[in-house]
Each structure stands twice: as C-alpha cells, then as structure tokens.
Amino acid sequence: MAIILGPNRYGKAETRLVRVTRDGETHHLKDLNVSTSLSGDMEAVHLTGDNTAVLPTDTQKNTVYAFARKHGVDQIEDFALLLARHFTSSQPAVHHARVEIEEYAWDRVPVTGHSFARRGGEVRTCVVHHDRDGRVSVVSGLKDLVLLNTTGSEFHGYAVDEYTTLPPATDRVLATAVHARWRHAGDTPAYGDSYTRVREHLVEAFAGTHSRSLQQTLYAMGERALARCPEICEVRLALPNRHHFAVDLSPFGLDNDNVVFNAADRPYGLIEGAVLRDDAPDPGFAWE
C-alpha cells in the first residue's frame, strides 16, 4: 500500500483590514476581513519540510495591507481579484489562489465627515479563485440578512408519522437569516451595482411570495435574482427557519390570534438549495 499526499492548501485567515480614504473633510471607510489561500507545487514542504516553495502566511497578510495602501479598496471582488492574480503571477510554485473577503458596512454620522456607526449584522461576501492558466471564478454574496413576514406564510399537507407533533399552519410568521451566494457568468463590469440589484431582488421575492414552504420561497428568491440579473448564472441559498411560536395565553384568560410569539433560536429548520440557469457554464472550482 502506498501513501500519497492529497489535495492541500495554506494561507492567512481573517486578516482584518480597515482602509480610510480622506477626501478633504469627508472620509470614506472600508472594513474587511480577508482570507488568502494558496496551492500548487507544495509536495516538498509536506514530505520533507523543504520550505523553498512556501510564501509565508505572514507575507500574504502584509500583501493585503500593502495592496490596500497602493491600490485602494473599492469593490471587494476587484480587490480579491487583484490579490489572487498577484499570488499566481509572482510565485512560480503557486498554481492557484483563493481569496475570500467579508465586508462590514458603516454609515456616516451626519454631524461630521469622519464619524461612522456600524450598520446591523448583514455582511457582504465574495470568494475569488484564480489559477496560473488564467481561469477565474467570482462568487459574490451576503450573510446574516434577517428577513421576516408577519403573515403570508403557510405550512401544511406534509408527511406525518408516529413522531409528528407539529400542527398544520395556515397563517404563520416566516423569518430567516439569509446566506446567499451567486456565481457570475463572466466579467461583471460593476460588482457594486450588481450586488445592490441581486440583494434587492432576493428581498423583494421573499416579501412578495405567498409561501407554502420555505423551500418554495428559496426557489422564488433565486429565480427572481437570475431573471433580473443576467450577469449571474447560479444562486445558492441557505435559509434557517427562525421559528416564531404563538404563546398559549389561555391560562390567563387571554386569546392570542397570532399577536404574541416566542422567537425560538434553536433548534431550527435549515433549508438549502441552488437555483441556476440551464445554460450555466461549468462551475469549475467556484464553489470550493
């Protein structure tokens, strides 16, 4: 029996980067979490401890900071592509680079041009792959986008067995924290505009769908985004069902016609799925 080295990669995870751009008295803020990961001709370091091909993870961190100073940071996808191309073109042993970025949004406080308040829990994301043969993939996304409908949601007619206790619901609260990722079909000239439009259509589909299941809502969200945003070809969604249970107030002589709820945090249903165009190009390494 032979023992061989399998797939491997290494990098610097979660480099925290805050970039301030000063435009006179008005300042602009970018707050990012950047993770880089490299792979390629790395057998020697694993098998013999020869570090010749290894670009230190500390160097990868420093590159993030240096590129932020030299090139600035606008759209996270463009910054990720810049980093990934640099690693694959500057290091002969690096055949593939993966760069993942999370962006945390801040709103300017109007009292001054340099004061900011952190915006909610929603996080913008991207994952970029680039290899030395010039193949590129860009996946944009968001996570922790909390949405809720107070009505317009049902759940009944499901399979039952001896362990089923859930009562059918014809009018329920539907709430979720959206984790969405979408694959770009090719070059997208303006990632910021694309992000705004995809997010808008995901939210509108959630709000506008009379839901008989969260699965139906998931498909409606992906379908609408794909129909309205031709630059993307696939959407992957993870929707935790944030259950809201009507509280039994009868012991207190009170009725409760979907007015007072217990917002339970766990356990929760987790609905996941992909929606894509039938002519979507092969994803290659996009989802790795």
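Our subject is the structure listed above.
The structure reproduced in this document is the subject of the present report. (Residues numbered from 1 in each chain as written. Predicted model: local features only at pLDDT ≥ 70, side-chain atom pairs only at ≥ 80, totals over all residues. Heavy atoms only, no water.)

### Examining the nonpolar core
Thinking step 1. By size, the foremost hydrophobic cluster in this structure holds 27 residues, and its most contacted members are Leu-32, Phe-79, Leu-83 and Ile-101.
Thinking step 2. Mapped by element, the contributors of at least two residues to this core are strand 1 (10-23), strand 2 (26-40), helix 2 (57-71), helix 3 (76-90), strand 3 (94-108) and strand 4 (116-131).
Thinking step 3. For this core, the element with the most residues is helix 3, which contributes 7 residues.
Thinking step 4. Beyond its immediate chain neighbours, meaning those up to four positions away, Phe-79 contacts Leu-17, Leu-32, Val-64, Phe-67, Ala-68, Gly-72, Val-73 and Ile-101. (Core = buried A, V, L, I, M, F, W, Y, C linked by side-chain atoms within 4.5 Å. Buried < 20%, exposed > 50% of the residue type's maximum accessible area, 1.4 Å probe, protein only. Helix = DSSP H or I, 4+ residues; strand = E, 2+ residues; numbered from the N terminus. Contact = heavy atoms within 4.5 Å.)

### Quick word on helix 3
Thinking step 1. Relative to the 21 Å expected for 15 residues at 1.5 Å per residue, helix 3 spans 21 Å between its end C-alpha atoms, a close match to the ideal helical length.
Thinking step 2. Turning to helix 3, its buried residues number three or more, namely Ile-76, Glu-77, Phe-79, Ala-80, Leu-81, Leu-83, Ala-84, Phe-87 and Thr-88. (Expected span 1.5 Å × (residues − 1).)

### Section: the pattern of salt bridges
Thinking step 1. Tallied over the entire structure, the rule returns 14 salt bridges.
Thinking step 2. Two residues, Arg-124 and Glu-77, come together in a salt bridge whose shortest N-O distance is 2.9 Å. Taken together, the positions of Arg-124 in strand 4 and Glu-77 in helix 3 put the pair 47 residues apart, joining distant regions of the chain.
Thinking step 3. Note on Glu-77: relative accessible area 0%, which makes it buried. (Salt bridge = Lys/Arg side-chain N within 4 Å of Asp/Glu carboxyl O.)

### Considerations on unusual backbone geometry
Thinking step 1. A cis geometry characterises the amide bond from Arg-266 onward to Pro-267, with omega recorded as -5°.
Thinking step 2. Topologically, Pro-267 is positioned in the loop between strand 9 (261-263) and strand 10 (269-276).
Thinking step 3. Of note, Glu-14 is a non-glycine position whose phi angle comes to about 55°, a positive value.
Thinking step 4. Structurally, the position occupied by Glu-14 is in strand 1.
Thinking step 5. Backbone geometry places Asn-258, a non-glycine residue, at a positive phi of 55°.
Thinking step 6. On the basis of relative accessibility, which here comes to 33%, the residue Asn-258 falls in the partly exposed class.

### Some thoughts on the sheet that holds strand 4
What holds strands together in a sheet is hydrogen bonding between their backbones, with the strands either parallel or antiparallel.
Thinking step 1. If you walk across this open sheet you meet the 8 strands as 1-2-3-4-5-6-7-10, and the pairing is antiparallel. The open sheet has two edge strands, strand 1 and strand 10, and neither has a second partner. Across the sheet, the mean angle separating the axes of adjacent strands is 20° when strand polarity is ignored.
Thinking step 2. Along the sheet, helix 3 makes contact with strand 1, strand 2, strand 3, strand 4 and strand 5 (136-149), crossing strand 4 at roughly 35°. (Pairing = 2+ DSSP bridges. Axes fitted to C-alpha atoms, helices over the stretch in contact; angles between N-to-C directions.)

### Concerning a nonpolar patch on the surface
Thinking step 1. Together, Val-247, Val-259 and Val-260 give the surface a local cluster of nonpolar side chains, amounting to about 230 Å² of exposed area.
Thinking step 2. Here Val-259 is to be found in the loop between strand 8 (244-246) and strand 9. (Patch = residues over 30% accessible without salt bridge, like charges linked within 9 Å, V, L, I, M, F, W, Y side chains within 5 Å. Areas by Shrake-Rupley, 256 points an atom, 1.4 Å probe, with all protein chains shown as cover.)

### Re the pairing of strand 7 (residues 232-241)
Thinking step 1. Here strand 7 lies mainly inside the structure; 9 of its 10 residues are buried.
Thinking step 2. With 6 bridges connecting them, strand 6 (residues 174-184) and strand 7 associate as antiparallel partners. Bridging across to strand 7, Arg-183 finds its partner in Glu-234.
Thinking step 3. In the sheet, strand 7 pairs with strand 10 via 8 bridges, with the strands oriented antiparallel.

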